[in-house]
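Okay, here's what each chain looks like letter by letter:
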Amino acid sequence: MNFKKIKYIIALLCSLFMAGTVYAQKLDEPVTISGRVLTINKQPLAGVSVFKQESTQAVQTGADGSFSFKGLPTDQIVFQYTGYITLTKTASDVTNLTITMQASLIDASDGDDVYIPFGVRKKRQLTGTISSIKGSQLPQLPSSTLNNVLVGRLAGLYIQQTDVGPGADEATFLVRGRSSYNSNQAPIVLVDGVQRNFTDMDLNEIESVSVFKDAASLSWYGMYGANGMISVRTKRGSATRTRITFDAQGGMQTPLNLTRPLDAFTYASLYNEAQVNSGGTPTYSQAALDAYQNGSNPDLYPNNNLVDQFIKKAAPVQRYVATVSGGNGFAKYFTMISYFNQDGLFKGASNPTYNSNSNFQRYNFRTNLDLHVNKNLEVQVDVGGRINSLRHAEASTSTILGSIYTTPANAYPLLNADGSFGGTSLFRGNPLGYLTADGNTTDLTRSLLATITARQKVNFIPGLSMNVLYSYDIRSNYTSGYAQDFAVFEPGASAGTYNTYGTASPLIFANTDFNSNLRSNEFWGGFDYDKLFGKHGINFSTRYTRSVMAAPGSLEDKAEGLSNRLSYNYNQRYFIDVIGTYSGSQVFAPGKQWGFFPAISAGWIISDERFLKPVKFLNYLKLRGSYGVVGSDAYSLGRRYAYNNYFSRGQAGFIFGTGFAAPAATTQNALANPNLTWEKARKTSIGFDTKFMNQMFTLSADYFQEVRTDLLTNSLTPSIIGQTLVQVNAGKARYRGFETELNFSKRFDKVDINIYGNYTFQKSKVLAINEEAGLPDYQKALGHSISSVMQVASASTTYISNFLQADGIFQSDAEVAASPVQRFAGTVKAGDIKYKDVNGDNIIDNLDFVRTDYSFVPKAYYGFGGSVKYANLDMSFLFQGTTGRTISINNLVNNGTASNGYLNQFSVSRWTPANAATAIYPRLLVSERANNTQNSDFWLRNGDYLRLKHAEIGYTLPTSLTSKIKLSSLRIYLSGFNLLTFDKLDGMNIDPEMPQSGYVFAYPNLRTYSVGLNVKF
Amino acid sequence: MKAYQLYTIIFTVLLSGLSSCSKDFLDRTPGAALPEDAVFADPTLASQYAINAYTYLVDDYVRFDDHRGTTSQASDEAVSGNLDRSVLYLNQGLFHDHSERVAALNDIVGIWSREYNGINITNMMLSKMAVVPWKVEDPRPAITVPERIEAEMRFLRAFFYFELVKRFGGVPIVDRVYDVNESIDIPRSSYTDCVNFILADLDKAQAKLPAVEALSLAENGRATKGAALALKARVLLYAASALNNEGNDLSKWASAAAAAKEVMDLNSYSLQPTYKDILNVPTSTEYIMMKVRPTRTNTDGKIIDFAQSPGSAGQNGQMNPTQNHVDLYEMTNGKAITDPTSGYDPQKPYANRDPRMTWNVIYNDETYQSRKIEMWSQVNANGTVTYGRDFNPNNPIYTATRYYCRKMWPEVYINKVAGATYINFLFFRYAEVLLNYAEAQNEAVGPDASVYTAINQIRKRGDVNMPDLPAGLSQSAMRDRIRNERAVELAFEDHRWYDIMRWKKGPEIVAQPIYAMNVVKNANNTFTYSKVLMSQNFQKVFRDYMHRYPIPRSEVYKSQGILLQNPGW
């Protein structure tokens, strides 16, 4: 006991090596423990894992079910085998005995636990729709977020990457489909039952990730669940096994797609062409063009390739994780510590004092404790935390990338002859200046996440327990760095003189700042009643909850609710759940804050019925269905308490006098809508789970529909009311679709094969929306799907639904003259985009835009992958793809400014009279470009893609070798991420998921190659 | 720990949680915000609410599309060098498209909601005058004098409605606060009814507003009796103008002249001796009402981003006066340059011109900011072309006309020097009142001596010093001279575009060929000037129906057929 305590404390300290030495001392007492494992039918069971409780050593039974190893007679021996009920025996009872293991019911074995809100069910008992994946099934990637590892793995979960780069790895999540045209319907993320970020966690903290998709699994969360939910469970210790693991990974990240800037000669030639097209005269003489081509005078005729000069071909990434877990009857523990380090792609970004290349480092740690205080009381104390340290140049990454991507090759020499930074009045953003003389910033974000839960059994009512959970999370940000500014110098009219732009300032320490302080607390308390009466199983749970989220400068956000769930099953064959939640939100007026969110669901294991027994190939078939209402108060109303008319004071008012101090003002806020209420999502889900052909195949499928009412939509009150108005709940929309998951698992002699896939299809429709009555029918959103095309700009992302319909490019001025007048630019000529006259008024203007169904959210998304294991070799891969998705290349092809003539790598494919037949884009112009930059379907492209997201090949050292170095296993592997992409972009070298990445201002999407090592002690 | 202790703890926690499931956990006071009753129960808060109505006045020159367009560029005064779309749409007659540009101070849809926002504040405040417990102690802070607040509310409401009728013609009259559940689909009132509504407010306002002499320096910028009378004069001038006075009812002109005369007779205002800094002084005897705004600097002034030559480190020199405008300045002898006897030399186009030209526009070879402005092109011996530092035809951020606008680019804004100055937006200045008087009086009774006096006063201003108008002008010749005087004196001050509309002269003035200057630098450093027609992109469209703006399309769409569109749109 004493010894165990020492080990426990050491493990708590997460001291890997010390713990290792402790175990090394443990091998003594050579008593042989042996026996045979049989099934109930007396068949030998091979491959059963047999080990001493709280040890790291295990053996497997042979073909005849026999096992043998050394231990103390007092040791607890554990027998585990997938699909069978785990047994624990004392060693003295085991020696030379036969052990009988009983098969568990299908989907009800130890590994089939599914966590539902404040409860656990075997997969078999589940009536709602929850897709889960275990942490152990996810690839070990040196990745800054967990967005990446989940993509394509779960049916009904769509993840769209929106940004990449150190510390900026971001994605949006969508569960099933879109039913609200007001928001992007981000699902709520829970970690261990509490709303928390999960993408910054380390993969090795994670036991499982589940997606809650239907009313039965979501209505527990009432007002907050309508958009679906992602629920993450962290790992916990085991009373039966002690395990120490160590993972190390090192890799390189390379840009997937990157601008190829024009060389000076091409740039100058195209610029001349654009000028002539715009009615000007060429800037560059033939002599200048020649000089660019032969590079004879780089000071006067520079030819920079800034992308080559400032973007690395590859940047390193590393990750190290150690975990220790174990426990005994009294305490179980899981501890982890990890370190992640990712470098940015900027080249030459350092000076003797500081480095401006972006760099992201993250430290995660976690200790999860389970304390069995006495036979009635269990307490869990979980403490997790992370430190994110993001270093970046003072100028934003988009500013620097913008200057690298879009500064013409001939703009200026990076350094003048006298060593000063080059620049001109038009191009002042010298990337070398940004990266070496503009300062840097480090954002240090520290988060602490703590949860305590207690479960007290009530002795006098068997099956009844009381439960509380309280969480305390804080986060703060600390900013520090160096401040500096640079000036650029342009040679003046006479030799040796310079015009300067910008003001250089010397290096100082930047002001430090604490900001973004957040605190959030959740409380959940209530009762559980779990009891089996013969074949009648009853589970009842009730919880009261309150949560508070506090940030300085505003009132806390609060939520409150009372959730109840009754589950009943008969003979593990018929299941029914009834869920009813009262949920309150502070967003609404007193008296209108509380809603009731009921759901009902049922499951029937029809394969257990006698009439299906003869169907031999069918091992298992469950039908399930659910219906219920879930709400969402996640509005972006522009102000809080929008039900209430009120005034703000103290804002800067109208200035009088001569002192210019703004006086206080009292201003009325947007006119309230006292009837404001939550969105109501009525969710239906019907599906089945089946296993057939000796459980070789597992197939699940669901049909789903959600109708969402009370969507916020614009008030149609005329503006002469003189007030801004809060929106009204008058909208309605729905989505429908289906999802399916298929799994194939088979062991052929020494080869283990697993193949899986998932596919989700969804379609949305706007059923009610307040639109201006006079809007032409073809511009109305009503009846269309909830759709828009995303156009990413450095300042903001716009979502566009209305497009002009392009009809190719005008091939001659005669054709222009014969066509309707296009009123977007003063002149339209051959080489400009031709648009269709939608309303037949012979004029192309804003009334010719048409509402479309083009959408950045795909109609269908899918993933498929597999793994093969042969002896010590293993291999796995995952493909992920989308169909029915549209992207816009408008801001890529038209990227630029008047200063660089809107020229970029795509400009070479422009229309000219000579290449009219092959031209892809309209003619070049430096001004009056509006005709060709309108949002039209000319710029839309098919955004479908199929991507080899991940592939890995690994080799596990033979146990004969590893045991010699006192390891239980050692695996080395090579893996790759974002390896291959298939798209429909006709060779246009852009990323179909994030078209802007690597262009305009955006960080390139990354491919990662890594080599890793996994050690288990 | 004993089990019962734990029971106690858990029960306590749960019970306290459940019992406090009372409503107050979610019922929040709005924090720092105030309910309506609290605002109008406090004279200081109430008056701060009232005063904030000033915010909704149209209060800057460069306002389209944030800071990329002016009405000058819509009219014949200037062009937008880089063809900003908010301006381009007005130039092309696509007023609806202009209004769909999302911008705070857009001249159609933006103005519509902005002015009605202001109107709502004034309506709310007027309805609450009796509710607020105004303090009676003496002396009481100027801000909480109820009579004055009421007068200011009426003045502002009149001003808001005037900004609407000057653009749209008759508009719906909202004279009270509407509840969100009430129908507010109100028809448009006639132009005359709107004017009468405005005048009624102004009459009540001017009676209670303080005279400018009574205004302390700390109240600079607040409404005065003079401002109310000046607004009345402008309202009546617009009402008498061709657009709104179809039968040319002379009595309308007479009342417009009388209203202007009333301001003149206050003897509170006089012309500032200097024209060159007319917008750049903190206060002036000429200012009747101004928008009080701190000085603007090179770096933060959006005007600078819009008007300053890139050769002087500006970001965008988009505000480019046209040759059409420059040609309006007389020779110092008082003759138009089109007069063969004026002595105008096309190769020395800027010599001996009305000094106001120098104060309003920047032209080639002018000494400005201690250097020569260079807007020339030069063909070198080897055939390559070079350009002066303030001109580059290949980049639209440089001037398109070889002029920059000095009123929007004051001389202190020098490359690398942190200059700061006022660029005041003037709601009313005295010279406008004189011009209003002259125009109305000339129409009402002809060019009598008072008309000459009014105009000649302006021409005789210290640093302008132009000769008097020749005696014996006919009414129509005088009309032309007054209009020319207005164009020159009030250039770029947000008047010309609306003047053209009220005169119904869009086709004659705006839809005319727009010219620029071409300047070639010769080998011997002399310049050759030639007037050139600007490219098609800069030419402007103006049809007769455009003299009134269209009602914002979205508002017409929202109405159940009650809000009617102006004809032609």
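(A) Representation of the overall build of chain B in the model. Across its full length, chain B holds 20 helices and 15 strands. Judged by the C-alpha coordinates and their principal axes, chain B covers about 110 × 65 × 50 Å. Evaluated residue by residue, chain B yields a buried proportion of 61% over its 569 residues. Carbon and sulfur atoms make up 54% of the accessible area of chain B, which amounts to about 20300 Å² in all. Between the averaged position of the 61 positive side-chain charges in chain B and that of its 64 negative side-chain charges there is a distance of 3 Å.

(B) Looking closely at the interface of chain B and chain A. Taken together, the contacts link 89 residues of chain B with 92 residues of chain A. The junction of chain B with chain A conceals about 7600 Å² of combined surface from both sides, 60% of it contributed by carbon and sulfur atoms. Taken together, the connections running from chain B to chain A amount to zero salt bridges. Counting every contact that joins chain B to chain A gives ten residue pairs in polar contact (both at pLDDT 80 or more). A per-class count over the side of chain B that touches chain A returns 48 nonpolar, 23 polar and 18 charged. Bridge count for strand 33 (residues 646-652) of chain A against strand 1 (residues 34-35) of chain B is two bridges, and the pairing is antiparallel. Its bridge partner lying in strand 1 of chain B, Phe647 of chain A is registered against Leu34 of chain B.

(C) Examining helix 7 (residues 286-294) of chain A more closely. Residues and elements named next belong to chain A. Along helix 7, the residues classified as buried are Ala288, Leu289, Ala291 and Tyr292. The buried residues of helix 7 all sit within an arc of 160° when viewed along its axis, so they share a single face. Opposite the buried face of helix 7, by more than 90 degrees, sit the exposed residues Gln286, Ala287, Gln293 and Asn294. Gly295 sits one or two positions beyond helix 7 and adopts a positive phi of about 60°.

(D) A look at the confidence of the model for chain A. A residue-level look at chain A finds 96% of positions with pLDDT of 70 or above and a mean pLDDT of 89. Note on residues 1-27 of chain A: pLDDT is under 50 here. Beyond four places in sequence and across chains, it has 33 contacts.

(E) Representation of helix 10 (residues 225-240) of chain B in the model. In a regular helix each residue adds 1.5 Å, so 16 residues correspond to 22 Å; helix 10 of chain B covers 22 Å between its end C-alpha atoms and thus fits that length. With 15 of its 16 residues buried, helix 10 of chain B lies for the most part within the structure.

(F) The nonpolar core, seen in detail. Counting 165 residues, the largest nonpolar core has Met125, Phe155, Tyr161 and Phe428 of chain B as the members making the most contacts within it. Other than its neighbours up to four places away in sequence, Phe155 of chain B contacts Leu202, Ala205, Leu209, Ala223, Ala227, Ala228, Leu231, Met289 and Phe428 of chain B. In terms of nonpolar packing, the next biggest core, distinct from the first, is built from 37 residues, Leu804, Ile844, Val857 and Met988 of chain A among them.

(G) Fine view of the packing of aromatic side chains. In the structure shown here, the tally under the stated rule is 74 aromatic pairs over all chains. Their ring planes at 80° and their centres at 5.9 Å tell us that Tyr221 of chain A and Trp524 of chain A sit as a pair that is edge-to-face. Here Tyr221 of chain A is found in the loop between helix 5 (215-218) and strand 16 (229-234), whereas its partner Trp524 of chain A is found in strand 27 (residues 513-533), with 303 residues between them in sequence. By relative accessible area, Trp524 of chain A is classed as buried at 5%. Here the aromatic cluster, defined as three or more aromatic residues joined through ring pairs, consists of Phe95, Trp112, Tyr116, Tyr161, Phe168, Phe197, Trp497, Phe542, Tyr545, Tyr549 and Trp569 of chain B. Note that Arg233 of chain A overlies the ring of Tyr115 of chain A, its terminal NZ or CZ placed 4.1 Å from the centroid.

(H) Spatial organisation of the environment of Pro408 of chain A. Residue and element names in this part refer to chain A. Turning to its location among the elements, Pro408 is positioned in the loop between helix 9 (397-406) and helix 10 (431-436). Assessed through its relative accessible area of 5%, Pro408 is described here as buried. In this structure the C-alpha to C-alpha distance between Pro408 and Asn303, which are 105 residues apart in sequence, comes to 8.6 Å. Other than its neighbours up to four places away in sequence, Pro408 contacts Tyr267, Phe427 and Asn900.

(I) Geometry of the pairing of strand 14 (residues 515-521) of chain B. All names here are of chain B. Sheet analysis places strand 14 next to strand 15 (residues 527-533), joined by seven bridges and oriented antiparallel. Residue pairing in the sheet places Ala516 in a bridge with Val532 of strand 15. The turn joining strand 14 and strand 15, which pair antiparallel and follow one another in sequence, is formed by five residues; a positive phi near 70° is taken by Asn525.

(J) Quick look at a positive patch on the surface. A cluster of basic residues, Arg736, Lys763, Lys765 and Lys859 of chain A, forms a positive patch at the surface. Within the secondary structure, Lys765 of chain A sits in strand 38 (residues 751-768).

(K) Broad picture of unusual backbone geometry. Positive phi values are uncommon outside glycine, yet Asn694 of chain A reaches one of about 55°. With respect to the helices and strands, the residue Asn694 of chain A is situated in the loop between strand 35 (679-692) and strand 36 (697-713). The exposure class assigned to Asn694 of chain A is exposed, which follows from its relative accessible area of 71%. Despite not being glycine, Asn248 of chain B shows a phi value in the positive range, around 50°. Residue Asn248 of chain B is classed as partly exposed on the basis of its relative accessible area of 37%.

(L) Molecular detail of the side chain of Thr421 of chain B. Among the secondary structure elements, Thr421 of chain B is positioned in strand 12 (residues 420-421). Each residue touching Thr421 of chain B, except ones within four places of it in the same chain, is listed here: Asn280, Thr295, Arg296, Pro410, Val412 and Tyr413 of chain B.

(M) Broad picture of the pattern of salt bridges. All names here are of chain A. Taken as a whole, this structure holds 79 salt bridges over all chains when the rule is applied. Its salt-bridge partner being Arg362, residue Asp200 comes within 3.6 Å of it at the nearest N-O pair. Note that Asp200 is positioned in the loop between strand 14 (194-195) and strand 15 (206-212) and Arg362 in strand 20 (residues 359-372), a separation of 162 residues in sequence. For the pair Asp200 and Arg362, a shared accessibility class is recorded, and that class is buried.

(N) Structural detail: the sheet that holds strand 3 (residues 58-60) of chain A. Residues and elements named next belong to chain A. With antiparallel pairing, the four strands of this open sheet are ordered in space as 3-2-5-6. The open sheet is flanked by strand 3 and strand 6 (87-90), the only strands paired with a single partner. This sheet shows a mean twist of 25° between the axes of neighbouring strands, independent of strand direction. Bridging between strand 2 (residues 49-52) and strand 3 involves three bridges; their strand directions are antiparallel. Note on strand 3: the bridge partner recorded for Ser49 is Gln60.

(O) A look at the sheet that holds strand 33 of chain A. In spatial order, the strands read 34(A)-33(A)-1(B); together these three strands make up an open sheet with antiparallel pairing. Bordering the open sheet on either side are strand 34 (664-668) of chain A together with strand 1 of chain B, each of which pairs with just one other strand.

(P) Structural view of the side chain of Ser907 of chain A. All names here are of chain A. Among the structural elements, Ser907 can be located in the loop between helix 12 (890-893) and helix 13 (930-933). By relative accessible area, which is 5% here, Ser907 ends up buried. Among all residues touching Ser907, those that are not within four sequence positions of it are Leu270, Tyr902 and Leu924.

(Q) Molecular detail of a nonpolar patch on the surface. Residues and elements named next belong to chain A. Residues Ile337, Phe365, Val383, Leu448, Ile452, Tyr470, Tyr472 and Ile474 make up a contiguous nonpolar surface patch of about 640 Å² in total accessible area. The element contributing the most residues to the nonpolar patch is strand 23 (residues 464-485), with three residues. Structurally, Phe365 can be placed in strand 20. Judged by its relative accessible area of 32%, Phe365 is partly exposed.

Reading the values: the criteria
- Residues numbered from 1 in each chain as written.
- Chains lettered and ligands numbered in written order.
- Predicted model: local features only at pLDDT ≥ 70, side-chain atom pairs only at ≥ 80, totals over all residues.
- Heavy atoms only, no water.
- Helix = DSSP H or I, 4+ residues; strand = E, 2+ residues; numbered from the N terminus.
- Buried < 20%, exposed > 50% of the residue type's maximum accessible area, 1.4 Å probe, protein only.
- Areas by Shrake-Rupley, 256 points an atom, 1.4 Å probe, with all protein chains shown as cover.
- Lys, Arg positive; Asp, Glu negative; His and termini not counted.
- Charge placed at Lys NZ, Arg CZ, Asp CG, Glu CD.
- Contact = heavy atoms within 4.5 Å.
- Buried area = accessible area lost by both parts, 1.4 Å probe.
- Salt bridge = Lys/Arg side-chain N within 4 Å of Asp/Glu carboxyl O.
- Polar contact = N/O pair within 3.5 Å; in protein donor to acceptor, adjacent residues only side chain to side chain.
- Nonpolar A, V, L, I, M, F, W, Y, C, P; charged D, E, K, R; others polar.
- Pairing = 2+ DSSP bridges.
- Arc of directions from axis to C-beta.
- pLDDT = per-residue confidence, 0-100.
- Expected span 1.5 Å × (residues − 1).
- Core = buried A, V, L, I, M, F, W, Y, C linked by side-chain atoms within 4.5 Å.
- Phe/Tyr/Trp six-rings, centres within 6.5 Å; stacked < 30°, edge-to-face > 60°.
- Lys NZ or Arg CZ within 6 Å of the ring centre and 35° of its normal.
- Patch = residues over 30% accessible without salt bridge, like charges linked within 9 Å, V, L, I, M, F, W, Y side chains within 5 Å.
- Axes fitted to C-alpha atoms, helices over the stretch in contact; angles between N-to-C directions.

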